[in-house]
Amino acid sequence: EEQHGSTKNVTLSFNSADSYSSSRTRTIYVTSPAQHYNTNNGQWQKGMNDESKKCVKEITSNPRAKVEKELLIPGVNVDVLLDYDDLSLGHMHVQKGDDCSHYCMPGVPDVVGARLVEEFLSE
């Protein structure tokens, strides 16, 4: 596990009982989760007022995930690239829309966990 700024890279190893021929560790990268701030791109910005610090239900893009998808190519530098895809999950944040970078209700991490299990089982 490596920490790079606000992005965490986690390498998981999974050996299926049905796939004895593959002994190489697979690298699965999960894109960074989106922030859902009330700004033009949903990201934290210096000098935000109280209203722009509130979490909104949906944003149109995740700039960090966009860069990751451009840099990480499945089959080239990662085995699998899972898109966190949480643009419309802002409603799952706690504190009635406040501080979406630090608090999230159970649900969003569970979505990613379910996608990882689906990927493992698809082998």
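It should be noted that the structure appears before, not after, this text.
Keep in mind the model is a prediction, meaning the values are calculated, not measured.

Looking at the secondary structure, you find Pro-74 in the loop between helix 1 (63–71) and strand 4 (80–82). Considering only alpha carbons, one finds Pro-74 and Tyr-29, 45 residues apart in sequence, at a separation of 9.2 Å. Apart from the residues within four sequence positions on either side, Pro-74 is in contact with Asp-79 and Leu-81.

Turning to the nonpolar core, a few remarks are in order. Core analysis: the largest hydrophobic core is formed by 7 residues, namely Ile-28, Val-80, Leu-82, Tyr-84, Val-112, Leu-116 and Phe-120. Every element with two or more residues in this core is listed here: strand 4 and helix 2 (108–121). The element best represented in this core is helix 2, accounting for 3 residues. Not counting the four nearest positions on each side in its chain, Val-80 is found in contact with Arg-26, Thr-27, Ile-28, Tyr-29 and Glu-119.

What follows is about the environment of Tyr-84. In this structure, Tyr-84 sits in the loop between strand 4 and helix 2. Judged by its relative accessible area of 13%, Tyr-84 is buried.

Attention now goes to the packing of aromatic side chains. Here the structure, examined in full by the defined rule, presents 1 aromatic pair. Taking the centre distance of 5.4 Å and the plane angle of 70 degrees together, the rings of Tyr-37 and Trp-44 count as edge-to-face. Taking the relative accessible area as the measure of exposure, Tyr-37 reaches 3% and is therefore buried. On the basis of relative accessibility, which here comes to 46%, the residue Trp-44 falls in the partly exposed class.

Cut-offs used in this document
Residues numbered from 1 in each chain as written. Predicted model: local features only at pLDDT ≥ 70, side-chain atom pairs only at ≥ 80, totals over all residues. Heavy atoms only, no water. Helix = DSSP H or I, 4+ residues; strand = E, 2+ residues; numbered from the N terminus. Contact = heavy atoms within 4.5 Å. Core = buried A, V, L, I, M, F, W, Y, C linked by side-chain atoms within 4.5 Å. Buried < 20%, exposed > 50% of the residue type's maximum accessible area, 1.4 Å probe, protein only. Phe/Tyr/Trp six-rings, centres within 6.5 Å; stacked < 30°, edge-to-face > 60°.

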